[in-house]
Amino acid sequence: MDRSFAGRLGIGSLTRPPARGKARSRRAVRGGAGRRAGSNGRARALDLAIARLLRLARASAAGLGAGWAYVRAHRRLRIALIATAIAMPLLGGGWLWLRQSSLVSVQHVRVSGVHGADSGAIEAALSSAARRMTTLDVQTGRLRAAVASYPVVGDLQVHTSFPHSLSIRVIEQPPVATLDAGGVKTAVAANGVVLGTARASGALPTLSSKVELSPGERVRESALQGQLTVLGAAPARLAKSVERAYSGPKGLTLRMRSGLLAYFGDVSRAHAKWASLARVLADSGSAGASYIDVRLPERPAAGFPAGVAPPAIEGEAGAGEAGAPSSSESQETLAEGLATAAGGSASEQASGASEEASSGEGEHTSESASEGEGTGEASGEASSEASGETSGEPAE
């Protein structure tokens, strides 16, 4: 047959496979070999695992056989094992029965640490929940749930006295400030928990808020959280002398009931700043000061209004400067000089506060008129700076 004729008819293409088909068949052969190799590897791994499990089972059986032979050879050991096997279920069941039996039921409950108008209700709720328990099965979570509606309860410490007595110590979170939101005043704790209107008091510092919160809710404003943190770190004597807390030109500012301003700046190192403030107030060199700056607690500064000369102090530290508190001195002891240094006794401070309230004018205006803070400062402070500081408090 002529080649050209065969080529035209395509006979050659029928007698030999195309190149593409050959490549495809080679890939199929290689893929099948790979799958067979993979399956063989998995089969070998499975065989090894089964062999190890069989060896472990044989070793365990041999060990149990040896142990049982040893027990059979010793009569006392055999009796002890049998007695233990019988006693364990009995002891377990007896313990479960005793935990819930009336033999250890709570009959006497003593609650301590509660104060205020809700103390009776808190004691009743805790006593009722405790009498449904036993001294061997005290459920602290149920006790906390019983007083969850009282935000003043921060934590509970429970102690049992076998067989029938239970003591509960309530750890309260006392109010550190009064939160004024649109004329509604409510007490708030240092951790930001709102305690309700019943615990609000004029003796607490006042904070301003734009959001009215219900008891049990938490303050979410970061500025208020910082103010509450600082007020919660205050020593007892100084905490009673704080009238307001607000954010001013020099950061967090506290206004005492005598009109004295304390610049804290921010919430960092709150305890060190309170100790420094107590030290300055207890120093006679700060008498008559209009402000005390404790933003750097190691170098507190006291500023005086124009026309008021600072008392003479020893050394060359400069007027209005005071040293940092020593670690051995107590904050409470240092704060005993507060009444003198801050401008009078507690009764005088209260009367001054009432006069300011009755004047009907803004706080910063009455301060400038009565104490002259807005006219200038001595001790190296510029008069314009003093005026800006005293007017930095937001008007009520």
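Just so we're clear, the structure is a prediction, and the values are computed from it rather than from any experiment. (Residues numbered from 1 in each chain as written. Predicted model: local features only at pLDDT ≥ 70, side-chain atom pairs only at ≥ 80, totals over all residues. Heavy atoms only, no water.)

## With respect to the overall build of the chain
Moving on, step 1. In terms of regular secondary structure, the chain is built from 14 helices and 12 strands.
Moving on, step 2. Classification of the 396 residues of the chain by burial places 33% in the buried group.
Moving on, step 3. For the chain, the proportion of contacts with a sequence separation of at least 24, taken over those separated by at least 6, is 54%. (Helix = DSSP H or I, 4+ residues; strand = E, 2+ residues; numbered from the N terminus. Buried < 20%, exposed > 50% of the residue type's maximum accessible area, 1.4 Å probe, protein only. Contact = heavy atoms within 4.5 Å.)

## A word on helix H4 (residues 75-99)
Moving on, step 1. With 25 residues, H4 extends 36 Å between its outermost C-alpha atoms, agreeing within 8% with the 36 Å of an ideal straight helix rising 1.5 Å per residue.
Moving on, step 2. The principal kink in H4, of about 30 degrees, is found at Ala 87, preceding the proline Pro 89 by one to four residues. (Expected span 1.5 Å × (residues − 1). Bend = angle between axes of the 7 residues up to and from the residue.)

## Concerning the packing of aromatic side chains
Moving on, step 1. One pass over the full model with this rule turns up two aromatic pairs.
Moving on, step 2. Where Tyr 263 meets Tyr 291, the ring centres are 5.2 Å apart and the plane angle is 40 degrees; that geometry is what we call tilted. In this pair, Tyr 263 sits in strand S10 (residues 261-265) while Tyr 291 sits in strand S11 (residues 291-293), placing the two residues 28 residues apart along the sequence.
Moving on, step 3. Its relative accessible area of 3% is what places Tyr 263 among the buried residues.
Moving on, step 4. The class for Tyr 291 is buried, based on a relative accessible area of 2%. (Phe/Tyr/Trp six-rings, centres within 6.5 Å; stacked < 30°, edge-to-face > 60°.)

## Side note on helix H9 (residues 270-282)
Moving on, step 1. A rise of 1.5 Å per residue sets the reference length of H9, with its 13 residues, at 18 Å; its end C-alpha atoms lie 18 Å apart and thus fit the reference within 8%.
Moving on, step 2. Taken residue by residue, H9 has Ala 270, Lys 273, Trp 274, Ala 275, Ser 276, Leu 277, Ala 278, Val 280 and Leu 281 as its buried positions.

## Here we look at the sheet that holds strand S1 (residues 108-112)
The strands making up a sheet associate through hydrogen bonds between their backbones, and the pairing can be parallel or antiparallel.
Moving on, step 1. With mixed pairing, three strands are arranged side by side in an open sheet as S1-S3-S2. Bordering the open sheet on either side are S1 and strand S2 (153-161), each of which pairs with just one other strand. Within the sheet, the average angular offset between the axes of one strand and its neighbour, ignoring direction, is 20 degrees.
Moving on, step 2. For S2 and strand S3 (residues 165-172), the ladder comprises eight bridges, and the chain directions are antiparallel. The residue of S3 that forms the bridge with Val 153 is Glu 172.
Moving on, step 3. Against the sheet, helix H5 (residues 119-130) makes contact with S1, S2 and S3, and its axis sits at roughly 145 degrees relative to S1, the strand it touches most. (Pairing = 2+ DSSP bridges. Axes fitted to C-alpha atoms, helices over the stretch in contact; angles between N-to-C directions.)

## Topic: the confidence of the model for the chain
Moving on, step 1. The share of residues in the chain with pLDDT of 70 or more is 69%, and the mean pLDDT across the chain is 77.
Moving on, step 2. Low pLDDT, under 50, characterises residues 314-329; the predicted model gives this stretch 27 contacts beyond four residues in sequence or across chains.
Moving on, step 3. Per-residue pLDDT stays below 50 along residues 338-391; that stretch engages in 85 contacts with residues further than four places along the chain or on separate chains. (pLDDT = per-residue confidence, 0-100.)

## Description of unusual backbone geometry
Moving on, step 1. Cis geometry is found at the peptide bond from Phe 162 to Pro 163, where omega equals 10 degrees.
Moving on, step 2. By the secondary structure assignment, Pro 163 is in the loop between S2 and S3.
Moving on, step 3. Not every positive phi belongs to a glycine, and Arg 269 is a case in point at roughly 55 degrees.
Moving on, step 4. The topology assignment puts Arg 269 in the loop between S10 and H9.

## Some thoughts on the nonpolar core
Moving on, step 1. Counting residues in hydrophobic clusters, the biggest one holds 34 residues, and the most contacted among them are Leu 207, Leu 231, Leu 254, Phe 264, Trp 274, Leu 277 and Ile 292.
Moving on, step 2. Among the elements of the structure, strand S4 (175-181), helix H7 (222-232), strand S8 (242-248), strand S9 (251-256), S10 and H9 are those that each provide at least two residues to this core.
Moving on, step 3. At six residues, the largest contribution of residues to this core is made by H9.
Moving on, step 4. Formed by 19 residues, the second largest nonpolar core is a distinct cluster that contains Ala 125, Met 133, Tyr 150 and Ile 168. (Core = buried A, V, L, I, M, F, W, Y, C linked by side-chain atoms within 4.5 Å.)

## Comments concerning the pattern of salt bridges
Moving on, step 1. Per the stated rule, a full pass over the model turns up six salt bridges.
Moving on, step 2. Between Arg 269 and Glu 298 there is a salt bridge, and its shortest N-O distance comes to 2.4 Å. With Arg 269 in the loop between S10 and H9 and Glu 298 in the loop between S11 and strand S12 (301-303), this residue pair connects regions lying 29 residues apart in the sequence.
Moving on, step 3. Of the residues examined, Arg 269 reaches a relative accessible area of 46% and is grouped as partly exposed. (Salt bridge = Lys/Arg side-chain N within 4 Å of Asp/Glu carboxyl O.)

## Here we look at the environment of Gly 251
Moving on, step 1. You can see Gly 251 is positioned in strand S9.
Moving on, step 2. Gly 251 sits in the partly exposed class, given a relative accessible area of 22%.
Moving on, step 3. Sequence-wise, Gly 251 and Tyr 263 are 12 residues apart; in three dimensions their C-alpha atoms are separated by 7.1 Å.
Moving on, step 4. Ignoring anything within four residues of it in the chain, the contact list for Gly 251 reads Tyr 246 and Gly 265.

## Structural notes on the side chain of Thr 186
Moving on, step 1. With respect to the helices and strands, the residue Thr 186 is situated in strand S5 (residues 184-189).
Moving on, step 2. Thr 186 gets classed as buried once you look at its relative accessible area, which sits at 7%.
Moving on, step 3. At 3.2 Å, the side chain of Thr 186 and the backbone oxygen of Gly 196 are in polar contact.
Moving on, step 4. Non-local contacts of Thr 186, meaning those with residues more than four positions away in its chain, are made with Ala 177, Thr 178, Leu 179, Val 194, Leu 195, Gly 196, Thr 197 and Ala 200. (Polar contact = N/O pair within 3.5 Å; in protein donor to acceptor, adjacent residues only side chain to side chain.)

## What about a nonpolar patch on the surface?
Moving on, step 1. A contiguous nonpolar surface patch, about 280 Å² in accessible area, is contributed by Leu 46, Ile 50 and Leu 54.
Moving on, step 2. If you trace the backbone, Leu 54 turns up in helix H3 (residues 19-73).
Moving on, step 3. Look at Leu 54 and you get partly exposed, because its relative accessible area is 46%. (Patch = residues over 30% accessible without salt bridge, like charges linked within 9 Å, V, L, I, M, F, W, Y side chains within 5 Å. Areas by Shrake-Rupley, 256 points an atom, 1.4 Å probe, with all protein chains shown as cover.)

## Details of the pairing of S8
Moving on, step 1. In terms of burial, S8 is largely enclosed, as five of its seven residues are buried.
Moving on, step 2. As paired elements, S8 and S9 share six bridges and run antiparallel to each other. Within S9, the position partnered with Val 242 by the bridge is Met 256.
Moving on, step 3. Between S8 and S9, which follow one another and run antiparallel, lie two residues.

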